[in-house]
Amino acid sequence: MLVRELELDLDAFEGPLDLLLTLVLKEELDLAEVDVAGIIVAFVERLAERDELDLDACGEFLVLVAALLELKARGLFPDEDAELAELEPEEAAEELARRLAEYRRAKQGAAWLAERLETERDRFFRLGPAPLAPRPERRLAPQEPQLLAAALRALAVEPPPVSLAHMALRFPPVVQFLERFRAVLRRRRRFDFDAEVAGLSRVETAVAFLALLELRKSGEISIDQARPFAPIRVARAGEDSARDDERTPEWTVRSA
Amino acid sequence: MDRTLRLIPAAPVDHLARTIEALLVVASLPLSAEELAEAADDDVARVEEALETLSSRYSEGASGIVLERVAGGYAFRASRDAAEACGRLFERPVQRGLSQAALETLAIVAYLGPCTRPEIARVRGVASDSTLAGLVERGLVAEAGREDGPGGAVRYRTTALFERVFGLESLSELPRLDDLGDDLETIRERLHEVAEQRPA
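Below is a summary of the structure that appears in this document. (Residues numbered from 1 in each chain as written. Chains lettered and ligands numbered in written order. Predicted model: local features only at pLDDT ≥ 70, side-chain atom pairs only at ≥ 80, totals over all residues.)

## Focus: the overall build of chain A
Helix and strand counts for chain A come out as ten helices and five strands. Within the span of chain A, comprising 256 residues, buried residues form 14% of the whole. Expressed as a percentage of contacts within chain A between residues at least 6 apart in sequence, the contacts between residues at least 24 apart total 53%. (Helix = DSSP H or I, 4+ residues; strand = E, 2+ residues; numbered from the N terminus. Buried ≥ 20, exposed ≤ 12 C-beta atoms within 10 Å, placed from the backbone. Contact = placed C-beta atoms within 7 Å.)

Okay, structure coming up:
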């Protein structure tokens, strides 16, 4: 990720960051008009598009933006040297003399302090933080250490094992239904799946359906359904269950 | 003989003096007469009277403990006779000397304070941030609020420790510095000469 190629779309400028920097340094663009926060937002957005944090880019960006901000901050304050340069020679000299005099006074003060420090070298006194007034302190009521121990013990107890019972669905073996359906088909040539599994649980119905598919796969049965969600008719292989549709009442009577 | 008797009078003020002694020996900061009066539950005038008694009792030459007026209050310190012994066992509050930059910065803060970093930098002509931080660390200078207005710069002032280290009763004991005399005139004249030579 190249920081200098960061595309910017600001009020005052549109283009890559390095062009902005060039223009600012050449003073062709007034930094006061540039929204530095906008640059930061652009960078952060670009950064967010990436999965990995590019530390090099971040570092480079930080340095650039810090420099920009410093330039901008300086620009917002009147230039002291320029201020001085605008003064008439008389005034400039007066101003400089005033400042120098001030500094001389500071130096004089420093010299006095240095001397004083030397003469007062032998001062020894008690030092340390001592609150002058008693601070209202929140006194803790006397505590029973046993309570603390009890609290810790309660925390240290091994938590009860998490029950996974709800995760174990009870699947009856498919074989159970395979055999059941084969038995039914030995007695009758056809049967109605829905009627056969009526009263079973949802899971058992599902397993029964798997058994049905298993039988169909091995070619033992044929399956027929008039339309989606209609009753599923099961017949011994070779015997068309659909053909018997018209005779269902009779079939039902016979199987009953 | 007379003198000894005068030091241990049976007057009620002596009881107060003992209380004040006790307060001062516990304190690690100078205590003002008002603070002492409040703690002793007595009036300021009597406290000052008692302090006078104590001052003569605890003075250089008379005692190893010296009562002094310092940093706007009263505090005990070691007598100068004992300084050598103290120095073997204890560090001085400003053990290592202060650099020229630190002294200049300290002088500016002491004379012009409370003042801000930019003001200090303006007088010294260079940024004094780290010097100032060093003085804050030594406890000689402390923050004292901010300039008025939004985003006002932090102001700094000298601390009670500064006054104790330099043995000042208050900052008003600092000598006046406006007596620059001929020096300033010389600077001014030389600057005028330079200014006139400058191309317009």
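## Examining the sheet that holds strand S3 (residues 190–192) of chain A
Residues and elements named next belong to chain A. Strands sit in the order S3-S5-S4 across an open sheet of three strands; the sheet is antiparallel. Sheet topology places S3 and strand S4 (221–225) at the edges, where each strand pairs with a single neighbour. On average, each strand axis in the sheet is inclined to that of its neighbour by 20 degrees, with strand direction left out of account. For S4 and strand S5 (residues 232–236), the ladder comprises five bridges, and the chain directions are antiparallel. From the neighbouring strand, Ile223 faces S5, where its bridge partner is Val234. (Pairing = 2+ DSSP bridges. Axes fitted to C-alpha atoms, helices over the stretch in contact; angles between N-to-C directions.)

## Describing the interface of chain B and chain A
If you look at the interface, chain B gives 44 residues, while chain A gives 33 residues. Of all the secondary structure elements, the ones that give two or more residues to the side of chain B that touches chain A are strand S2 (73–78), helix H5 (83–89), helix H6 (100–112), helix H7 (117–124), helix H9 (160–165) and helix H10 (182–197) of chain B. Classifying every residue of the side of chain B that touches chain A by side-chain character gives 27 nonpolar, six polar and eleven charged. (Nonpolar A, V, L, I, M, F, W, Y, C, P; charged D, E, K, R; others polar.)

## Some words on the packing of helix H7 (residues 174–187) of chain A against helix H9 (residues 202–217) of chain A
Residue and element names in this part refer to chain A. At a minimum axis distance of 8 Å, the contact between H7 and H9 shows a crossing angle of 60 degrees. Note on packing geometry: the crossing formed by H7 with H9 is right-handed. Seen from H7, the contacting residues are Val174, Phe177, Leu178 and Phe181; seen from H9, they are Val207, Ala208, Leu210, Ala211, Leu212, Glu214 and Leu215. The class makeup of the residues in the contact of H7 with H9 is ten nonpolar, no polar and one charged. (Left-handed = near helix turned anticlockwise from the far one by under 90°.)

## Structural notes on the nonpolar core
Ranked by size, the top nonpolar core spans 44 residues in total, and within it Ile20, Leu103, Leu106, Ala107, Ile108, Val109 and Val141 of chain B carry the most contacts. Here this core gathers at least three residues from each of two domains, domain 1 (2–89) and domain 2 (100–194) of chain B. Apart from residues no more than four positions distant in its own chain, Leu103 of chain B is found in contact with Ala110, Leu113 and Ala114 of chain A together with Leu98 of chain B. Listed in part, the twelve residues of the second largest apolar core include Phe191, Ala211, Leu215 and Val234 of chain A. (Core = buried A, V, L, I, M, F, W, Y, C linked by C-beta atoms within 7 Å. Domains from an automatic or database assignment.)

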